[in-house]
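Fold and geometry: a report
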Amino acid sequence: MQEHSPRSIRQRARRISVFDGQDLKKAILAGAAWLEENRETINALNVFPVPDGDTGSNMSATMRSAIRNIAETTETSAAAVAARLAHDALLGARGNSGVILSQTLRGLAQGLEGKPTFAATDLAEAFQQAQRLAYRAVIKPVEGTILTVVRETAEATKQSAERGDDLVGLMQEAVSAARLAVANTPNQLPTLKQAGVVDAGGQGFCTILEGILRYIRGEAASPATTVTQLQPLLQQKERAAKKGRVTVEEEFGYEVVFLLSGKNLDVEGIRQAIIDMGGVSTVVAGDETLLKVHTHTLTPGKILDYGVSLGSLNDINIENLQEQSLTYAAESAAEHAEDEEPEPDAQKEVPIALVAVASGEGFEEVFRGMGVQSIVSGGQTMNPSIEELLAAVENAPSQQVIILPNNSNVILSAQQVDGLTQKKVFVIPCKTMPQGIAALMAYNYEDDFEDVCQAMKEASQSIQTAEITTAVRTVNIHNISVREGDFIGVINGNLAVAGQQMQPVLEDTLQRMHIDNYEIVTMYYGAEVTAEEAHATCKRLKQLHSHLEIEVVSGGQPYYAYILSAE
């Protein structure tokens, strides 16, 4: 990562007073590219040595989602670009750091709403909104994290704008404040100081700001080069994803897009009026004199007549979505027919549907066997996006849905889904897959939704979870010295034991769980452990703790040799 002295940060190569949508796009692309370039450096800052959804990867994936629909746009309205950026960031957010990052971009969009261009004072206000939304996203904000960095950056931009700085000066102050805040995080969080690192999420946010500043100062690659560098990353998801299944009987109607020029245009009022006229996927962005309107409708003439009544129309574009859908459906049918089994019959409607995040074929079978209708693959090292969780909820056969995230780094993402769907959604804050299974033991679809949610939430906290894995980095934390490659034992998310041999680590972990206070242990063995090895391990544990009833189950989970629950 390129370092700058405080003196060099304050040197101003040029003055920039105003940004439009294209300037904003290019700056954000530069920030995303700089984050991607430093992704592994940020990953290395993760405190705990367990293989997990690394912060740098999660933030980079969130930014890739954010820019996927703006990278090639010719939109000149800053408000429109920021709105699309925020929308796609939220859908693609992964992990806690990704969700908080998406909220800062949402704050940017709210701060720039209605502004085709913006100056330093506008950007400073957007930063204030960004920090407010970031803190609001977390139930119990913790200082010494990305939240602190966002807040102190926002404070610096406010002071900069009040001094009359231009956009270059404001971003220089933002980066300086972010770097100081990141450097101070170990003094606010003891775990960071013990591990000898700074907060990874805060560093990721700072890195994005650095990339933006590099672009503003003319130090970054050209916008065309940046897009070229990011293109393989932007296409990753496109290559992996298949076209959705569609039926040509659907009434797709027409896509209507136009620019509306006028006076005292009411963005919210116009958007709602178009929706009331049957407009679907309606987007209205801009300010009181110029709006970009996009909607899908069966009656484009009605929408255009309404627009003419408000002002003058330009750049009118109408596409027949029905014709496009026929082509899409044919391609989709051919694509899915190549390598997929026939789609099962639609699931029967149920009073309360269940969505669970799971990793490993064995765990997936367990969850399905306990009545879960939709499994979202993910967990450690592969936190699912909000978009994936939302799709599972929308496809669930009920208007009432319970989500089991089964990972501490997925809970915040799952909690965003409720605001994106018209279905009633509740998230059980289970941090491990065994906690999710315990929650399902209390599931009773005949009870009221609120009662079921409360019972499952309480049940999820009734068990203890132990995990045995291999350390991916060397660290000293909680007075436990861990070397890369050591076996480590984790109890309820907390590092407990480290050693060079698995069996002693497993036995020591159970002792620290006070296993003699429990009666039943379920031992899920991972993808790299054979059934014979698992049963041999079970036999040795039974010899040490004869009172235990131990059940051995194939979990098939990656990275974790054993995941155990005790009750």
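Residues numbered from 1 in each chain as written. Predicted model: local features only at pLDDT ≥ 70, side-chain atom pairs only at ≥ 80, totals over all residues. Heavy atoms only, no water.

1. Some details on the overall build of the protein chain
Along its length, the protein chain carries 22 helices and 18 strands. Scored against the burial criterion, the 567 residues of the protein chain give a buried share of 53%. Across the protein chain, the fraction of contacts at a sequence separation of at least 24, relative to all contacts at a separation of at least 6, is 72%. Surface summary for the protein chain: the accessible area is close to 25,700 Å², and the carbon and sulfur share equals 49%. (Helix = DSSP H or I, 4+ residues; strand = E, 2+ residues; numbered from the N terminus. Buried < 20%, exposed > 50% of the residue type's maximum accessible area, 1.4 Å probe, protein only. Contact = heavy atoms within 4.5 Å. Areas by Shrake-Rupley, 256 points an atom, 1.4 Å probe, with all protein chains shown as cover.)

2. Side note on empty space enclosed by the protein
It is a probe the size of a water molecule, rolled over the atoms, that shows where empty space is left. Taken as a whole and judged by the stated rule, the model has 3 cavities of 30 Å³ or more. Here the largest cavity defines a volume of roughly 310 Å³. Along the walls of the largest cavity sit 21 residues, with I28, L108, F127, L209 and I212 positioned nearest its centre. Contributing elements (two or more residues each) for the lining of the largest cavity: α2 (21-37), α6 (95-111), α7 (120-136), α9 (167-188) and α11 (200-216). In terms of residue count, α11 provides more of the lining of the largest cavity than any other element does, 5 residues in total. (1 Å grid on protein atoms, 1.4 Å probe; cavity = no way out; pocket = protein on both sides within 12 Å on 5 of 7 lines; lining within 4 Å. Points joined across faces, edges and corners; volume = space filled by probe spheres on them.)

3. Let's talk about the sheet that holds strand β9 (residues 400-404)
The sheet built from 4 strands is open, its strands ordered β8-β7-β9-β10 with parallel pairing. Taken across any chain shown, the strands that pair with only one partner, and hence form the sheet edges, are β8 (374-377) and β10 (424-427). Adjacent strand axes in the sheet meet at a mean angle of 20 degrees when their direction is disregarded. Examined bridge by bridge, β9 and β10 share 4 bridges and lie parallel to one another. Looking at β10, one finds that V401 is bridged to V425. Docked against the sheet, helix α20 (residues 449-460) engages β7 (353-358), β9 and β10, running at close to 10 degrees with respect to β9. (Pairing = 2+ DSSP bridges. Axes fitted to C-alpha atoms, helices over the stretch in contact; angles between N-to-C directions.)

4. As for the sheet that holds strand β14 (residues 487-491)
By definition, the strands of a sheet pair up through backbone hydrogen bonds, in either a parallel or an antiparallel sense. With respect to topology, 6 strands assemble into an open sheet ordered β15-β14-β11-β18-β16-β17, the strand pairing being mixed. If you trace the sheet from one side to the other, it starts and ends with β15 (494-499) and β17 (549-554), each paired once. Direction aside, neighbouring strands of the sheet carry axes that sit 20 degrees apart on average. Bridge count for strand β11 (residues 464-470) against strand β18 (residues 560-566) is 6 bridges, and the pairing is antiparallel.

5. Focus on helix α17 (residues 386-395)
Within the span of α17, buried status applies to I386, L389, L390, A392 and V393. Projection of α17 onto a plane perpendicular to its axis shows the buried side chains occupying an angular sector of 160 degrees, all on one side. (Arc of directions from axis to C-beta.)

6. Comments concerning the packing of aromatic side chains
Under the defined criterion, the tally for this structure stands at 2 aromatic pairs. Note on F19 and F118: the rings are 5.8 Å apart at their centroids and 75 degrees apart in plane angle, and the pair reads as edge-to-face. On the criterion of sequence distance, the pair formed by F19 in strand β1 (residues 19-20) and F118 in strand β2 (residues 117-118) is long-range, its members being 99 residues apart. We note that F19, like F118, is buried. The aromatic ring of W34 is capped on one face by R214, whose charged end is 3.9 Å from the ring centroid. (Phe/Tyr/Trp six-rings, centres within 6.5 Å; stacked < 30°, edge-to-face > 60°. Lys NZ or Arg CZ within 6 Å of the ring centre and 35° of its normal.)

7. Quick notes on α9
Between its first and last C-alpha atoms α9 spans 30 Å; for 22 residues at 1.5 Å apiece the expected length is 32 Å, and the two agree. If you look at α9, its biggest bend is around 25 degrees, right at V182, and the proline P186 turns up within four residues after that. Extensive coverage of α9 is indicated by the burial of 16 of its 22 residues. (Expected span 1.5 Å × (residues − 1). Bend = angle between axes of the 7 residues up to and from the residue.)

8. Let's talk about the confidence of the model for the protein chain
Of the residues in the protein chain, 84% reach a pLDDT of 70 or more, and the chain-wide mean stands at 84. Here residues 339-345 scores under 50 on pLDDT; set against residues more than four positions off or in separate chains, the count is 5 contacts. (pLDDT = per-residue confidence, 0-100.)

9. Points about the packing of helix α13 (residues 267-276) against helix α14 (residues 300-310)
Between α13 and α14, whose axes approach to 11 Å, the crossing angle comes to 155 degrees. In terms of their interaxial angle, α13 and α14 are classed as roughly antiparallel. The crossing of α13 and α14 is right-handed. When α13 is examined against α14, the residues G269, I270, A273 and I274 are found in contact with a partner set consisting of I303, Y306 and L310. (Parallel < 35°, antiparallel > 145°, perpendicular 65-115°, else oblique. Left-handed = near helix turned anticlockwise from the far one by under 90°.)

10. Brief notes about the pattern of salt bridges
What the rule picks out here adds up to 16 salt bridges. With a closest N to O distance of 3.3 Å, E387 and R68 form a salt bridge. Here E387, found in helix α17, pairs with R68, found in the loop between α4 (55-67) and α5 (78-92); they are 319 residues apart in sequence, far enough to count as distant. Here E125 ties to R132 by a salt bridge, and the two come within 3.2 Å at their closest N and O atoms. With relative accessibility at 35%, the residue R132 sits in the partly exposed group. What you see here is one network of salt bridges that share partners, running through E36, R39, E40 and R64. (Salt bridge = Lys/Arg side-chain N within 4 Å of Asp/Glu carboxyl O.)

11. So, the pairing of β18
The element β18 is extensively covered by neighbouring structure, given that 7 of its 7 residues are classed as buried. In the sheet, strand β16 (residues 520-525) pairs with β18 via 5 bridges, with the strands oriented antiparallel. Bridge pairing links T522 to S565 in β18.

12. Comments concerning the pairing of β14
For β14, the tally of buried residues reaches 4 of 5 residues, placing the bulk of the element in the interior. Relative to β14, β11 runs antiparallel, the two sharing 5 bridges. Opposite T470, over in β14, you have F487 as the bridge partner. Alignment of β14 against β15, held across 5 bridges, turns out to be antiparallel.

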